[in-house]
Amino acid sequence: MTKNLLQLNRENYHSIEADNDYMSVSQFKSFVECEAKTLAKLKGEYKQASSNALLVGSYVHAAFENEIAFDEFIEQNNNAIFKPRGGKYSDFETADQMIKAVSEDSFAMFALDGEKEVIYTGELYGSPWKIKVDSINHGRQTFSDLKTTQDLYKRYWSVKYESWVSFVEAWDYVLQMALYRKIIEQNTGIPYNPYIVAVTKENPPNKAVLHFDDSRFSFEYEYLEMKMERVLQVKQGHLQADYCGKCDYCRTVRKLTDTVEIGELIYA
């Protein structure tokens, strides 16, 4: 691994410098979705607006990190969480119910038990990688990630898998857990078992602890290997980035040059 890579910590983990030095699961997914947008973010030319769903997810995560991190998050996002006349916005009232549902479930808390927000680095598919693990338990040789979702049982059509899938596959959480497992093994010498603690935004929230059959990971490693050659070529400037034409960045910079036949709309 290159010696002059940025040494990562909590403060700089999400910085542009860190993202330029390292690949991450979120960056990889971003390249697959839209190369042009990802490059613009890496160059500091575009900053994606934070969605309310992302903010709620971060709020729930912070609650299970530690009390200090949760208090800091609330202070930094006070205006988004609290109404001007007092009380929380409904999304965060729902988030409080999600936090309560998980924190009062002994099995969910057992699955989340361990060292929090641990950063690891490694090298795979020709690139340095960075990961931040929600919770890792070295005694049990497990790691876990807390995920929020609309409905445990909602189905999504996946182009990647060419089938109907759960939210876990739809948002590439299998790929995330597979990659994390490889990087953790590089650092510990042991293939830790991954779990997802999922909690829904329903009223009342539903919850589950999810495990993975090892056979699921082989496809993800093949997928990463297949995609990474082009991703690195684009990131390093050797290939021109493609525009997806549909994301927020593409909508911002798009200039019309021709007409579109209506049949193309469902295949774009």
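Residues numbered from 1 in each chain as written. Predicted model: local features only at pLDDT ≥ 70, side-chain atom pairs only at ≥ 80, totals over all residues. Heavy atoms only, no water.

Topic: the side chain of Lys147
Turning to step 1, where the next piece is worked out: Relative to the helices and strands, Lys147 resides in strand β3 (residues 142-149).
Turning to step 2, where the next piece is worked out: The residues contacting Lys147, other than those within four sequence positions of it, are Phe167, Tyr173, Gln176, Ile196, Val197, Ala198 and Val199. (Helix = DSSP H or I, 4+ residues; strand = E, 2+ residues; numbered from the N terminus. Contact = heavy atoms within 4.5 Å.)

Comments concerning the packing of aromatic side chains
Turning to step 1, where the next piece is worked out: Inspection of the entire model under this criterion finds 15 aromatic pairs.
Turning to step 2, where the next piece is worked out: On the numbers, 5.8 Å between centres and 65° between planes, the contact of Tyr156 with Trp171 is edge-to-face. Here the residue Tyr156 occupies a position in strand β4 (residues 156-158), and Trp171 occupies one in the loop between α9 (167-170) and α10 (173-188), the gap between them amounting to 15 residues.
Turning to step 3, where the next piece is worked out: Taken together, Phe28, Trp129, Tyr161, Phe219 and Tyr223 form an aromatic cluster joined through their ring pairs.
Turning to step 4, where the next piece is worked out: Over the aromatic face of Phe110 sits the side chain of Arg140, whose NZ or CZ is 3.9 Å from the ring centroid.
Turning to step 5, where the next piece is worked out: Against the face of Tyr221 rests Lys182, its NZ or CZ located 4.8 Å from the ring centre. (Phe/Tyr/Trp six-rings, centres within 6.5 Å; stacked < 30°, edge-to-face > 60°. Lys NZ or Arg CZ within 6 Å of the ring centre and 35° of its normal.)

A look at the pairing of strand β1 (residues 115-124)
Turning to step 1, where the next piece is worked out: Alignment of β1 against strand β2 (residues 127-137), held across nine bridges, turns out to be antiparallel. The partner of Gly122 across the bridge, within β2, is Trp129.
Turning to step 2, where the next piece is worked out: Here β1 hands over to β2 after two residues, with Tyr125 in that stretch at a positive phi of 55°. (Pairing = 2+ DSSP bridges.)

Here's the deal with the sheet that holds strand β7 (residues 207-211)
Turning to step 1, where the next piece is worked out: One open sheet holds the five strands; their spatial order is β1-β2-β3-β6-β7, and the pairing between them is mixed. Every interior strand has two partners, whereas the edge strands, β1 and β7, have only one. Along the sheet, successive strands turn relative to each other by an average axial angle of 40°, direction set aside.
Turning to step 2, where the next piece is worked out: Strands in contact with helix α4 (residues 52-65) are β1, β2 and β3; relative to β3, the strand with the most contacts, it is inclined by about 145°.
Turning to step 3, where the next piece is worked out: Strands in contact with α10 are β1, β2, β3 and β6 (193-200); relative to β1, the strand with the most contacts, it is inclined by about 80°. (Axes fitted to C-alpha atoms, helices over the stretch in contact; angles between N-to-C directions.)

Side note on the pattern of salt bridges
Turning to step 1, where the next piece is worked out: For the structure on display, the rule yields 15 salt bridges.
Turning to step 2, where the next piece is worked out: The partner of Glu35 in a salt bridge is Arg230, with the nearest N and O atoms 2.7 Å apart. In this pair, Glu35 is assigned in helix α3 (residues 35-42) and Arg230 in helix α11 (residues 215-235), connecting sequence segments 195 residues apart.
Turning to step 3, where the next piece is worked out: Overall, the relative accessible area of 10% leaves Glu35 in the buried class.
Turning to step 4, where the next piece is worked out: The network of salt bridges with common partners includes Arg10, Glu65 and Glu72. (Salt bridge = Lys/Arg side-chain N within 4 Å of Asp/Glu carboxyl O. Buried < 20%, exposed > 50% of the residue type's maximum accessible area, 1.4 Å probe, protein only.)

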